[in-house]
Amino acid sequence: MMTDSWLRRRVSRPKSRGVATATSTAARIVVAVGVLAVSSVLPMAAPFALADPLPASDFPKADARTGLPEGWNPGPEIYGVGEQKNVELPMADGVVLRADVRYPTDASGAPAPGPFPITLTQTAYGKDSAGFVRLLSYERLGPLLQNALPSVIDVAKQISDAAGYGDYFVKRGYISVIVDIRGTGSSGGQWSILQPQERQDSKRVIHWAAGLPNSTGEIGLWGLSYLGMSELLTAGVLEPDSPVKALFPLMPGNHAFQDLLDHDGFYNIAFLASMLQFPITLLPQIDPILGLYREPDKMASVFVDHLIAHFRADGTWHSVFNALLDGDKAYNSPYWESRAIDNVVEQIAANDIPTYQIGGQYDLLQDGTPRTFAGLQNAYAGRSHNGPMPADAPSSGRFQMLTGPWFHVQPGVQRNTDIDMHSIQLAWFDRWLKNDRNGIDETKTPLHAIDVNGNVIESATYPVRETPTQNLYLAAGGRLTSEHPVAQSGSDRVTFSPVNGGTICNSSFSRNFSGVYELLTTMAGIDDPCGQFPAHPDVPGLIDNPQYTTDAFTEPTVLGGPIGATLFAVSNTPASAFSVTVQDIAPDGTAIALTDGQLAGNFRALDEDRTWRAPDGSVLGAFHPGTRESMLPVVPGQVTEYNVKVRPAFHVFQPGHRLQVTIGSGDAPTHIFNPKDYPALLGGVYDVQRTEGAASFLTVPLASAAAMHR
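Residues numbered from 1 in each chain as written. Predicted model: local features only at pLDDT ≥ 70, side-chain atom pairs only at ≥ 80, totals over all residues. Heavy atoms only, no water.

1. Focus on the state of the cysteines
Alright, step 1. Evaluation of the coordinates by the stated rule reveals one disulfide.
Alright, step 2. Paired through a disulfide, cysteine 505 and cysteine 530 show a sulfur-sulfur distance of 2.0 Å. Taking the sign of the S-S torsion, -95° for the link of cysteine 505 and cysteine 530, the bridge is left-handed. Of the two residues, cysteine 505 is situated in the loop between strand S17 (491–495) and helix H15 (507–512) and cysteine 530 in the loop between helix H16 (516–523) and strand S18 (547–549); the sequence distance between them amounts to 25 residues. As far as burial versus exposure is concerned, cysteine 505 and cysteine 530 are alike and both buried. (Disulfide = S-S within 2.5 Å. Helix = DSSP H or I, 4+ residues; strand = E, 2+ residues; numbered from the N terminus. Buried < 20%, exposed > 50% of the residue type's maximum accessible area, 1.4 Å probe, protein only.)

2. Describing the sheet that holds strand S26 (residues 671–672)
Alright, step 1. Reading across from one edge, S7-S8-S26 is the order of the three strands in this open sheet, with antiparallel pairing throughout. Both edges of this open sheet fall to strand S7 (262–263) and S26, since each of them pairs with a single strand only.
Alright, step 2. Packing against the sheet, helix H8 (residues 269–292) makes contact with strand S8 (266–268) and S26, and its axis sits at approximately 20° to S8. (Pairing = 2+ DSSP bridges. Contact = heavy atoms within 4.5 Å. Axes fitted to C-alpha atoms, helices over the stretch in contact; angles between N-to-C directions.)

3. Remarks on the sheet that holds strand S6 (residues 244–250)
By way of backbone hydrogen bonds, the strands of a sheet pair with one another, either parallel or antiparallel.
Alright, step 1. Here we have ten strands laid out as an open sheet, ordered S1-S2-S4-S3-S5-S6-S9-S10-S13-S14, and mixed in their pairing. Either end of the sheet is taken by a strand with one partner, and the two such strands are strand S1 (80–90) and strand S14 (456–459). Looking at each pair of strands side by side, their axes are set apart by 20° on average, direction ignored.
Alright, step 2. In this sheet, S14 lies alongside strand S13 (residues 447–450) in antiparallel orientation, the contact comprising four bridges. Its bridge partner being in S14, alanine 449 is matched across the sheet by isoleucine 457.
Alright, step 3. Of the strands in this sheet, S1, strand S2 (96–105), strand S3 (116–123) and strand S4 (175–180) touch helix H2 (residues 127–135), which is tilted by about 40° from S2.
Alright, step 4. Where helix H5 (residues 197–210) meets the sheet, it contacts S1, S2, S3, S4, strand S5 (215–224) and S6, and its direction lies at approximately 135° from that of S5.

4. Concerning the confidence of the model for the protein
The predicted structure's coordinates, where accompanied by low pLDDT, should not be read in detail.
Alright, step 1. Scored by pLDDT, the protein comes out at a mean of 88, with 90% of its residues at no less than 70.
Alright, step 2. Confidence, expressed as mean pLDDT per element, reaches its minimum in the protein at helix H1 (residues 19–40) with 36 and its maximum at helix H13 (residues 368–380) with 98.
Alright, step 3. When the criterion is pLDDT under 50, residues 1–56 qualifies, and its contacts beyond four places in sequence or with other chains add up to 118 contacts. (pLDDT = per-residue confidence, 0-100.)

5. With respect to the packing of H5 against helix H6 (residues 226–235)
Alright, step 1. Orientation of H5 relative to H6, taken along the N-to-C sense of each, is 80°, at an axis distance of 9 Å. Here H6 runs roughly perpendicular to H5, going by the angle between their axes. Residue-level inspection shows Glu198, Arg199, Ser202 and Ile206 of H5 in contact with H6, the latter providing Tyr226, Ser230, Leu233 and Thr234. (Parallel < 35°, antiparallel > 145°, perpendicular 65-115°, else oblique.)

6. A closer look at the pattern of salt bridges
Alright, step 1. Applying the stated criterion across every chain, the model contains 27 salt bridges.
Alright, step 2. For the salt bridge of arginine 182 with aspartate 201, the shortest nitrogen-to-oxygen distance reads 2.8 Å. Residue arginine 182 is found in the loop between S4 and H5, and its partner aspartate 201 is found in helix H5; the two are separated by 19 residues along the sequence. With respect to burial, arginine 182 and aspartate 201 carry one shared label: buried.
Alright, step 3. Residues aspartate 596 and arginine 647 are paired through a salt bridge, measuring 2.7 Å at the closest nitrogen-oxygen approach. Of this pair, aspartate 596 sits in strand S21 (residues 591–600) while arginine 647 is found in strand S24 (residues 639–653), placing the two residues 51 residues apart along the sequence. Grouping residues by exposure puts aspartate 596 and arginine 647 together as buried.
Alright, step 4. It is possible to trace a salt-bridge network through shared partners that takes in Lys85, Asp100, Lys127 and Asp128. (Salt bridge = Lys/Arg side-chain N within 4 Å of Asp/Glu carboxyl O.)

7. Focus: helix H10 (residues 316–324)
Alright, step 1. Those residues of H10 lying buried are Thr316, Ser319, Val320 and Ala323. One side of H10 holds all its buried residues, which, seen down the axis, span an arc of 100°.
Alright, step 2. Packing partners of the buried residues in H10 comprise H8 and helix H11 (334–337).
Alright, step 3. One or two steps after H10, the chain reaches aspartate 326, where phi turns positive at roughly 65°. (Arc of directions from axis to C-beta.)

8. Comments concerning the packing of aromatic side chains
Alright, step 1. A full pass over the atoms with the stated rule returns 28 aromatic pairs.
Alright, step 2. Relative to tyrosine 356, the ring of phenylalanine 248 lies with its centre 5.2 Å away and its plane at 15°, an arrangement referred to as stacked. In this pair, phenylalanine 248 is assigned in strand S6 and tyrosine 356 in strand S9 (residues 355–362), connecting sequence segments 108 residues apart.
Alright, step 3. Taking the relative accessible area as the measure of exposure, phenylalanine 248 reaches 0% and is therefore buried.
Alright, step 4. Since its relative accessible area comes to 0%, tyrosine 356 is described here as buried.
Alright, step 5. Ring geometry for tyrosine 356 and tryptophan 428: centres 5.2 Å apart, planes at 75°, overall edge-to-face. (Phe/Tyr/Trp six-rings, centres within 6.5 Å; stacked < 30°, edge-to-face > 60°.)

9. Points about a nonpolar patch on the surface
Alright, step 1. Nonpolar side chains collect at one region of the surface, where Phe132, Leu136, Leu141, Leu144, Leu145, Phe278, Leu282, Ile286 and Leu290 lie side by side and expose about 780 Å² of accessible area between them.
Alright, step 2. Elements represented by at least two residues in the nonpolar patch include exactly helix H3 (141–145) and H8.
Alright, step 3. Sort the elements by how many residues they give to the nonpolar patch and H8 lands first, with four residues.
Alright, step 4. Locating leucine 136 in the fold gives a position in the loop between H2 and H3.
Alright, step 5. Given a relative accessible area of 34%, leucine 136 falls into the partly exposed group. (Patch = residues over 30% accessible without salt bridge, like charges linked within 9 Å, V, L, I, M, F, W, Y side chains within 5 Å. Areas by Shrake-Rupley, 256 points an atom, 1.4 Å probe, with all protein chains shown as cover.)

10. Side note on the pairing of S5
Alright, step 1. With respect to burial, S5 is a largely interior element, eight of its ten residues being buried.
Alright, step 2. Alignment of S3 against S5, held across four bridges, turns out to be parallel. Pairing of phenylalanine 116 across the sheet is with serine 215, part of S5.
Alright, step 3. Pairing analysis gives six bridges linking S5 to S6, with the strands arranged parallel. Counted as the bridge partner of leucine 221 is leucine 247 from S6.
Alright, step 4. Following the backbone out of S5, through H6 and into the adjacent parallel S6, one traces a crossover that is right-handed. (Right-handed = clockwise from strand over helix to strand, strands pointing away.)

11. Side note on the packing of H2 against helix H4 (residues 150–162)
Alright, step 1. Remark: H2 packs on H4, axes separated minimally by 9 Å, with the N-to-C direction vectors making an angle of 150°. When the axis of H2 is compared with that of H4, the two are roughly antiparallel. Both H2 and H4 take part in a crossing whose hand is left-handed. Contact with H2, carried on its side by Ala130, Val133 and Arg134, involves Ala156, Ile159 and Ser160 of H4 and no other residues of that element. (Left-handed = near helix turned anticlockwise from the far one by under 90°.)

Here you go:
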């Protein structure tokens with residue numbers, strides 16, 4: 001494969017064993033120690049070792065060709081790269097956005113004869129900061145440090161590419177456009193998260209880009225995280241004959257409030273901590289300096305625009321304080337619904353815009369991205385976009401998803417995967433923007449999932465149709481069994497603790513901290529060692545969370561999608577809280593975190609239109625409306641049903657391994673509760689029922705590998 005492909009782990013190392021190798025080794029050690037020094041002295045959540053991949057099952061292993069059409073290879077670099085900086089784009093209200101245009105050139109440096117299709121990225125993090133990172137990776141210092149610090153330079157390249165600044169596509173015959181959205185980077189105006197005005201701006205940007213000289217007028221949108229969210233929301237307001245012909249969003253999610261900020265009453269402080277200081281507060285003030293320092297009058301105007309945005313009623317800091325003080329931003333509302341991808345998937349499908357999503361097992365948006373995939377498939381087939389895909393549903397290769405054991409900021413990077421993300425994207429855009437019938441859309445299994453050990457699971461549907469749901473009941477003695485309890489009494493106790501999550505070295509914190517740990521440890525040439533620790537340890541005398549474990553699997557067994565935890569519990573306080581984790585337990589007791597979910601008791605109402613149910617009616621994917629009006633009191637002493645949404649997992653359990661679930665009451669420091677709720681939570685004791693009339697259970701899509709391959 002191409003050696004410059006993005007989001008791939010480098011496997012080559014300097015052949016010389018001299019100074020460069022010594023420097024590289026020393027640098028990795030320094031970075032690793034710096035990143036992990038604090039967490040390494042904290043108590044660990046469970047036994048864990050970075051073991052070799054588990055024995056091979058009947059599943060293919062991920063490699064550099066995973067996701068690519070058979071027999072297809074990316075073309076060579078043909079063109080040079082020219083650039084036009086800070087092209088000004090006036091919006092309807094006079095606000096000026098700025099774009100960089102990178103275009104193919106011939107050997108003389110002149111624009112190459114086209115026409116060429118366009119890849120368009122709309123960024124909220126500043127095209128010029130990405131361009132600055134580019135100078136530290138592809139240019140200037142990058143080549144000088146490549147041998148000494150290969151992992152560090154590779155990470156810098158990944159950041160630059162993910163922001164739309166790689167030249168991979170330009171050199172293969174595309175015009176690349178990177179636009180700073182309103183209130184960010186070098187663009188004027190004020191920003192607030194996913195504001196509807198962005199979509200109106202985007203429509204003007206798209207029609208301008210389609211008219212660029214030497215272009216075909218056909219556009220593919222792409223971007224990571226916020227950039228991917230913006231692209232999907234843009235596609236949801238386009239006219240049917242729009243110039244946009246393909247989408248490639250990475251880690252986009254489905255509903256910003258539900259995915260990012262509020263996990264059913266647990267407020268995601270880890271995510272806010274990863275974003276508030278630098279990306280949201282400092283970067284908007286730095287970017288105008290980086291991009292407009294040659295034009296001080298424009299720089300000053302944009303700088304002031306961005307500064308004013310922090311003090312707006314819908315500005316980030318104002319919104320955070322509003323939520324902490326129990327204001328409207330603490331609850332789902334029309335404000336958040338207007339920013340939900342879930343509400344535009346039907347229009348994307350109606351406009352027939354082929355969409356290839358990238359998701360992540362350890363992404364904080366791990367629930368939302370697959371929901372968007374299912375929604376697009378359902379809508380394209382004429383079904384309601386809400387709900388899981390029916391097991392017998394046909395699917396279309398025009399809407400695909402590839403998900404793997406990746407964190408938010410580095411899709412495709414993990415020790416047991418070697419994904420050539422650039423080539424997958426090139427194949428997708430070549431198919432829809434150059435009419436290259438390369439076969440990437442000719443698949444009967446548009447869902448591609450890779451587990452933590454590199455096993456590739458393919459299916460036509462989400463949830464995986466080959467893994468029918470089954471109920472596993474909590475039973476005495478910490479057992480998790482398919483047998484419905486018959487006892488008339490029996491329960492296990494969960495005691496509320498605001499620090500129930502333990503440490504900052506666990507999978508929940510790593511995931512919700514936007515994958516920053518993984519980003520830093522990748523520089524040291526390793527994966528985040530905290531990323532697979534379960535979040536809820538037992539601390540004798542302080543925390544004793546009940547755990548329930550299946551018998552050992554006798555053959556490879558696949559977990560293929562979302563998990564529902566239906567808990568019947570009695571609380572002694574007028575509030576309650578549950579945090580559920582699911583892990584793989586190896587024969588030697590090693591625990592690997594797979595997924596988790598949270599629910600505050602007063603958020604337990606269900607939005608039936610958006611809740612996913614199994615064929616027997618069990619809740620498979622709860623959707624709690626989260627509005628202020630939907631809050632329900634917890635009645636002390638009364639048996640109450642709680643449906644915890646446990647985010648999806650794709651995993652192959654090997655023979656001898658067991659599935660285990662742990663029930664806790666908090667997830668600090670990853671999550672906190674609404675401050676007003678703590679008085680009612682303190683002193684809480686919850687008796688989780690496991691009786692004939694109140695049987696608590698998991699609803700799990702699970703099947704043997706043999707059953708999947710029939």
